[in-house]
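Residue-level structural notes
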Amino acid sequence: MILSLSIFIYIFAFESTSRSFFHRLEVRSNIVGHAALQQNQSRSSIYYDIKEKHLGDLPFEKHYVIEEGKSERLSQIRNTLPIPESFYRDLKEKKAARYFGRDSSYVGFEIYDNGKNVMIISSALDVYGLEEMANLKKLLVIGFLIAMAFVFTFSRFFSKQIFQPIRMIIWKVKGINANNLHERLVVGGSRDEIAHLSATFNDMLDRLEITFDMQNNFVSNASHEFRTPLTVISGEAELGISLRDLPEPASSSFRTILRESEKLEHLTNSMLSLAQTGFDGKREQWGVVRIDELIFEVKGNMERILPGNGVEINFDELPEDENKLIVIGNETLLKVAFTNIILNSCKYSDNKPVSVAIKANENRVMVEITDRGIGIPDSEIGQIFVPFFRASNTKEYEGYGIGLPLANNIAKMHKGTIDVRSQVNIGTIFTVRFPCKY
Ligand code: ADP
C-alpha cells in the first residue's frame, strides 16, 4: 500500500508539473506566434516587450515559426527536432500538439491573425520541474524505506504482544500429561477468545481426567478382584502337588496350574502397579534409597526368579562420593522397575551375560544395563513404553508388554528418565537416570 501510494503520488506530481510547464510554454509560444504575424516591426516588438517584462524566458527556450505554404521549412524542422510523427499528426488534425521529450518539452499549434496563418513549434527544458521531481523521488524512496522499517518493527512487536497469551497456552498444554492431568490453564478475568480457548481446554482436560480415572479405577479394581481367586488357585495347586501317592499326570497338571497361575498373578500385580503409578498421587512410603544397594537386592531376587542368569554388576565407574548414589523414592517401586528391565535383558538375550553398570555425575545417578540379545527394530523403538506393545521380533518369547511401561512410569514418578539404544541381533542398552538427593 505504501509503495502504490508512493507511485501514485509520483505520477500525479509528474502529470501536474508537466501540464503546468506545457501551459507556460504555450503562453510564450502564442506571443511569439502573434509577434511573427504583425506587419510592422514596432507592433512585433510590443509583443516581445510584454513577453520579456511579464513572463521572461524559460530555460533553453526556442521557437520555430513556419509560415503558411513553407513546407520545405517544416520538413527541415522535422529532420532536426527529435519529435515523433504523432506530434505532427496531432498538429495537422487537432491544430495543437504536445510532446514531453527527454531533453526538452515541445508544444505546437496554429495561429491566425491579420488574415495570415502561421504554425509555431516551441521547445524548452523544465529544469526546475525535473529537479523537483528528482527530489520528490528521493523523498518518496527514503519515506518508503523508513515506513517499511517502522511497519516491520512495530508489527513484530505487536504480533509478539498479541500472541503472547497463545504461546503461554501452548507452553502450558505441552506440559500436561498423564502424570499431571489435574493441572489447569489460567482463564483470567477477560471475556475474550483467549479466555474462551483456555476454558475450553480446561473443560476438555476435565473430561479426559474423568475418563482416565474411570479407566484406571477399572484396571485397579479388576486386578484386585483377580488376586483373591488366583491366590486360592495357587494354594490349591500347591496342596495338590504336596499330596503323596498322586498319579504322575495329576501332579504334573497341578504343577502346570501353579506355574500358570503364578504368571497370571505377576501379570495382575504389574497391571495394578501400572494403574497406580499412572498418577502422581501415590507418594506414601518414600524415603532415602541407595541405588547400589538396591541393585544388589535386585540381583539377589533375580537369582531366585532366574537361577543361573548372566547378570554381572560393574563397579568400575562407581563414584567416590557415596552421596551421589542416594535418591529419594519408593524402594519397592524402584526394585520393580530395575527387575523388569534386567529380566528383559536376560530374557531377550537367552541368558547371555548382562552387565549392570552404576555411574554418577554432578547431579544424576545412572544405571546402564547392557545385553547382547535380539535388539529392538529401529522403527519400533519409539513404542516400547506404550502399554501392551511388543516388538515384532519377540514372537518366541513370553511377555505382555507391561514391564517397560511400568518401569517408565516409576522412573517418571521419581523425576528420572529411561533411554534406550539398540541394534537388532547385537544388543540393547537401557540407561536409567535419577536425580540424586545431594
Ligand atoms: P514384555 O513382557 O514383552 O517383555 P516389556 O514391556 O517388558 O514387555 O517390553 C516391551 C517390549 O520391549 C518387548 O516386547 C520387547 O520387544 C522390547 N524389549 C524390552 N527390553 C528388551 C531387550 N532387552 N532386548 C530386546 N527387546 C526388548
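Everything that follows concerns the structure shown earlier in this document.
Description of the structure in this document. All of these numbers come straight from a predicted model, not from anything done at the bench. (Residues numbered from 1 in each chain as written. Predicted model: local features only at pLDDT ≥ 70, side-chain atom pairs only at ≥ 80, totals over all residues. Heavy atoms only, no water.)

Concerning the overall build of the protein chain
Helix and strand counts for the protein chain stand at 10 helices and 11 strands. Computed over its C-alpha atoms, the radius of gyration of the protein chain comes to 49 Å, more than 25% above the 22 Å expected for a compact globule of 438 residues. By its C-alpha atoms, the protein chain is 160 × 50 × 50 Å across when sized along the principal axes. Counting every position in the protein chain, which comprises 438 residues, the buried fraction comes to 35%. Within the protein chain, contacts between residues separated by at least 24 positions form 65% of all contacts whose residues are at least 6 apart in sequence. For the protein chain, the accessible area works out to roughly 26,800 Å², and carbon and sulfur atoms hold 58% of it. (Helix = DSSP H or I, 4+ residues; strand = E, 2+ residues; numbered from the N terminus. Rg over C-alpha atoms; globule rule 2.2 N^0.38 Å. Buried < 20%, exposed > 50% of the residue type's maximum accessible area, 1.4 Å probe, protein only. Contact = heavy atoms within 4.5 Å. Areas by Shrake-Rupley, 256 points an atom, 1.4 Å probe, with all protein chains shown as cover.)

With respect to the packing of helix H9 (residues 331–347) against helix H10 (residues 403–413)
Helices that pack against each other are described as a pair by the angle of their axes relative to one another and the distance between those axes. One way to put it is that H9 packs onto H10 with a least axis distance of 9 Å and a crossing angle of 140°. Viewed along their axes, H9 and H10 adopt a mutual orientation that is oblique. Between H9 and H10 lies a crossing whose hand is left-handed. Taken together, the residues of H10 that come into contact with H9 (itself represented by Leu333, Leu334, Val336, Ala337, Asn340, Ile341 and Asn344) are Gly403, Leu404, Leu406, Ala407, Ile410 and Met413. Per-class residue counts for the contact of H9 with H10 are 10 nonpolar, 3 polar and no charged. (Axes fitted to C-alpha atoms, helices over the stretch in contact; angles between N-to-C directions. Parallel < 35°, antiparallel > 145°, perpendicular 65-115°, else oblique. Left-handed = near helix turned anticlockwise from the far one by under 90°. Nonpolar A, V, L, I, M, F, W, Y, C, P; charged D, E, K, R; others polar.)

Considerations on the sheet that holds strand S3 (residues 105–113)
Strand order in the open sheet formed by 4 strands is S1-S4-S3-S2, and the pairing between neighbours is antiparallel. Single-partner strands in this sheet number two, and they are strand S1 (62–67) and strand S2 (96–100). Strand-to-strand twist in this sheet, taken as the mean axis angle between neighbours without regard to direction, amounts to 20°. Two strands pair when backbone bridges link them, and S3 and strand S4 (residues 116–124) are joined in this way by 9 bridges, in the antiparallel orientation. (Pairing = 2+ DSSP bridges.)

A look at the site of the ligand
Of all residues adjacent to the ligand, which total 21 residues, the nearest are Asn344, Tyr348, Asp371, Arg390 and Leu404. One nitrogen or oxygen atom from the main chain of Gly403 is found 3.3 Å from an oxygen atom belonging to the ligand. One of the backbone N or O atoms of Leu404 is found 2.8 Å from an oxygen atom in the ligand. Its free accessible area being 530 Å², the ligand has 97% of it covered by the protein chains. Elements with a minimum of two residues in the shell around the ligand: H9, H10 and strand S11 (427–435). Residues that form the shell around the ligand fall into these classes: 10 nonpolar, 8 polar and 3 charged. (Near = heavy atom within 4 Å. Polar contact = N/O pair within 3.5 Å; in protein donor to acceptor, adjacent residues only side chain to side chain.)

Some points on the environment of His23
Following the sequence through the fold, His23 ends up in helix H1 (residues 2–37). Given the relative accessible area of 48%, His23 is considered partly exposed. When the C-alpha positions of His23 and Ser104 are compared, they lie 14 Å apart, and in sequence the two are 81 residues distant.

Here we look at unusual backbone geometry
The backbone phi angle of Phe60 is positive, close to 55°, even though this residue is not glycine. By the secondary structure assignment, Phe60 is in the loop between helix H2 (41–55) and S1. Judged by its relative accessible area of 59%, Phe60 is exposed. With a phi close to 70°, Phe388 is a non-glycine residue in the positive phi region. Locating Phe388 in the fold gives a position in the loop between strand S9 (364–371) and H10.

Overview of the pairing of strand S10 (residues 417–423)
Bridging between S10 and S11 involves 7 bridges; their strand directions are antiparallel. Note on S11: the bridge partner recorded for Ser422 is Thr428. Counted along the chain from S10 to the antiparallel partner S11, the turn is 3 residues long, and its residue Asn425 has a positive phi close to 65°.

Points about helix H5 (residues 127–174)
Look at H5: 67 Å from first C-alpha to last across 48 residues, which is about the 70 Å you get at 1.5 Å a residue. Gly129, Met133, Leu136, Leu140 and Ile169 are the residues of H5 that are buried. Looking at the buried positions of H5, the neighbouring elements they touch are H1 and helix H6 (193–242). (Expected span 1.5 Å × (residues − 1).)

Observations regarding the packing of aromatic side chains
Following the criterion strictly, the structure yields 10 aromatic pairs and no others. Pairing Phe87 with Tyr88 gives two aromatic rings, centres 5.6 Å apart and planes at 85°, and the pair type is edge-to-face. A relative accessible area of 2% places Phe87 in the buried class. Put simply, the rings of Phe150, Phe154, Phe157 and Phe158 pair up and form one aromatic cluster. The lysine or arginine in question, Arg78, covers the ring of Tyr88, its NZ or CZ lying 4.7 Å from the ring centre. (Phe/Tyr/Trp six-rings, centres within 6.5 Å; stacked < 30°, edge-to-face > 60°. Lys NZ or Arg CZ within 6 Å of the ring centre and 35° of its normal.)

Observations regarding the environment of Thr268
Relative to the assigned elements, Thr268 resides in helix H7 (residues 248–277). Taking the C-alpha atoms as reference, Thr268 lies 100 Å from Pro84; in sequence the two are 184 residues apart. Those residues within four positions of Thr268 in sequence are excluded, and the remaining contacts are Ser223, Phe226 and Leu230.

Some remarks on the nonpolar core
Counting 39 residues, the largest nonpolar core has Ile291, Ile295, Phe338, Ile341, Ile369 and Phe434 as its most contacted members. Of all the elements in the fold, those that place two or more residues in this core are H7, helix H8 (291–305), strand S6 (311–314), H9, strand S8 (354–360), S9, H10 and S11. At 7 residues, the largest contribution of residues to this core is made by H9. When neighbours within four sequence positions are excluded, Phe434 is seen to be in contact with Ile291, Val327, Leu334, Phe338, Asn363, Arg364, Val365, Ala411, His414 and Gly416. (Core = buried A, V, L, I, M, F, W, Y, C linked by side-chain atoms within 4.5 Å.)

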